[in-house]
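# A structural walkthrough
Take a look at the letters that make up each chain.
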Amino acid sequence: MAATRLLGLQRHSPPRPPHNRPPRPQAAKPDLIDLGAYYNAGLAETWLPSATVKSGNDLSALTPSVQKFNGVEFDARGVIQLTSSAVENLGAPLPREVAGIPVQRKVRRLHFLHGAAWDAPHGTVIGGYRIHYANGETREVKLVFGVNVREWWSSPQQVPITSEAAVAWQGANAASRAVGMAVRLYQMSWWNRLPDVEVSRLDFFSTLAKPAPFLLAVTAEP
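Nothing here was measured: the structure is a model prediction, and the numbers come from that model. (Residues numbered from 1 in each chain as written. Predicted model: local features only at pLDDT ≥ 70, side-chain atom pairs only at ≥ 80, totals over all residues. Heavy atoms only, no water.)

### A word on the overall build of the protein
Heads up, the condition is: A run of H or I in DSSP becomes a helix once it reaches four residues, and a run of E becomes a strand once it reaches two; helices and strands are each numbered from the N terminus. This radius of gyration counts C-alpha atoms alone. The globule rule is 2.2 Å times how many residues there are, raised to the power 0.38. Three labels apply to residues, based on accessible area from a 1.4 Å probe with only protein chains included: buried if under 20% of the type maximum, exposed if over 50%, partly exposed otherwise in between. Here, two residues are considered to be in contact whenever any of their heavy atoms come within 4.5 Å of each other.
Within the protein, the regular secondary structure consists of 2 helices and 15 strands. The C-alpha radius of gyration computed for the protein amounts to 16 Å, which stays within 12% of the reference 17 Å derived for 222 residues, consistent with globular compactness. For the C-alpha atoms alone, the extent of the protein along its principal axes is close to 50 × 40 × 35 Å. Across the 222 residues in the protein, those meeting the buried criterion constitute 51%. Relative to all contacts within the protein whose residues are 6 or more apart in sequence, the contacts with residues 24 or more apart total 71%.

### Brief notes about the environment of Phe 74
By the element assignment, Phe 74 lies in strand β5 (residues 72–76). Residues Phe 74 and Ile 33 lie 41 residues apart in sequence; the distance between their C-alpha atoms is 8.4 Å.

### What to know about the pattern of salt bridges
In plain terms, the rule: Every case where a carboxyl oxygen of Asp or Glu lies within 4 Å of a side-chain nitrogen of Lys or Arg is listed as a salt bridge.
Applying the stated criterion to the full structure yields 11 salt bridges. A salt bridge links Asp 31 to Arg 105, with the shortest nitrogen-to-oxygen separation between them at 3.3 Å. Residue Asp 31 is located in the loop between β2 (11–12) and β3 (41–42), and its partner Arg 105 is located in strand β7 (residues 97–105); the two are separated by 74 residues in the primary sequence. Among the residues examined, Asp 31 registers a relative accessible area of 24% and is labelled partly exposed.

### Focus on the sheet that holds β7
So the rule is basically this: Here a strand pair is declared whenever DSSP counts at least two bridges between the two strands. The angle between two axes is taken between their N-to-C directions and runs from 0 to 180 degrees, where each axis is a line fitted to C-alpha atoms and a helix contributes only its stretch in contact.
Taken in spatial order, the 4 strands of this open sheet run β7-β14-β9-β10, and their pairing is antiparallel. The open sheet terminates on both sides in strands that have one partner only, identified here as β7 and β10 (138–144). Across the sheet, the mean angle separating the axes of adjacent strands is 20° when strand polarity is ignored. Of the strand pairs in this sheet, β7 and strand β14 (residues 199–206) are connected by 5 bridges, and their pairing is antiparallel. Across the sheet, Arg 105 pairs through a bridge with Val 199, a residue of β14.

### Some details on the nonpolar core
Basically, it comes down to this: Residues grouped as a nonpolar core are buried Ala, Val, Leu, Ile, Met, Phe, Trp, Tyr and Cys residues, joined through side-chain atoms within 4.5 Å.
Of all hydrophobic cores here, the largest spans 33 residues; its most connected members are Ile 80, Phe 112, Tyr 129 and Ile 131. Sorting the residues of this core by element identifies β7, β8 (109–117), β9 (125–133), β10, β13 (182–191), β14 and β15 (212–221) as the ones contributing at least two each. With 4 residues, the top contributor of residues to this core is β9. In this structure, Trp 47, Leu 59, Val 183 and Ala 217 belong to the second largest nonpolar core, which totals 23 residues.

### Regarding the confidence of the model for the protein
The following threshold applies: Per-residue confidence from the predictor is given as pLDDT, running between 0 and 100.
Residue-level pLDDT values for the protein average 91, and 91% of them are 70 or greater. Counting contacts from residues 1–17, a segment whose pLDDT is below 50, to residues more than four positions away or on other chains yields 41 contacts.

### Observations concerning the packing of aromatic side chains
Applied cut-off: Within 6.5 Å between ring centres, the rings of Phe, Tyr and Trp (the latter by its six-membered ring) count as paired, and their orientation is classed by plane angle as stacked under 30 degrees, edge-to-face over 60, tilted in between. Only Lys NZ and Arg CZ are tested; either one counts as a charge over a ring when it is within 6 Å of the ring centre and within 35 degrees of the ring normal.
Throughout the structure, instances matching the rule amount to 6 aromatic pairs. Both rings, one in Trp 152 and one in Phe 214, keep their centres 5.7 Å apart while their planes meet at 80°; by these two values the pair is edge-to-face. Here the residue Trp 152 occupies a position in the loop between β10 and β11 (153–154), and Phe 214 occupies one in strand β15, the gap between them amounting to 62 residues. Aromatic ring contacts, followed pair by pair, group Trp 47, Trp 152 and Phe 214 into a single cluster. One cation-aromatic arrangement involves Arg 130 over Phe 205; the distance from NZ or CZ to the ring centre is 4.6 Å.

Structure follows, in structure tokens:
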């Protein structure tokens, strides 16, 4: 079974998924990577720690199903939330890394549906994806604030400047709506330079910068 690695602890089984996590849709194709066993929050729950916002800070406006954003299908039914310096300052027990997510296929591109909580200067590396190949090679895809991901809360009028990502979805929740803010998810695509070698698995990790990265879905394009 794939394992989840927590900062400062030994390897563990994947985090227990939220009890209200919807089952994988029958319409989900094999290229839509199944993250169900790795979600540590549901779309309809307030999963981030906060000294002020206790409820309503969620993604309940996003239907947990197979959806198409910018021409790419994603199976988004929950959230893999990692820790950060902001999260650790609030004392929340979130993992620094989730390792060993199975891919087990040859791909030309990987598409990621993700976001981050809290802000940082442009160019801050807040985490990334470590790609493991069947031949033992690895590649690292950095999550760079302002380049391929941004803070999920933003002004509805603010232009989301990301040179290597697109806004996949924009909505709101009860907490953001109360202060006139929107919530956004970002879509990043990574071109694989070894398309003839099987990608066996990937890791999702945080660098412990202030923003806390989170991942909803990964799609493998053959």
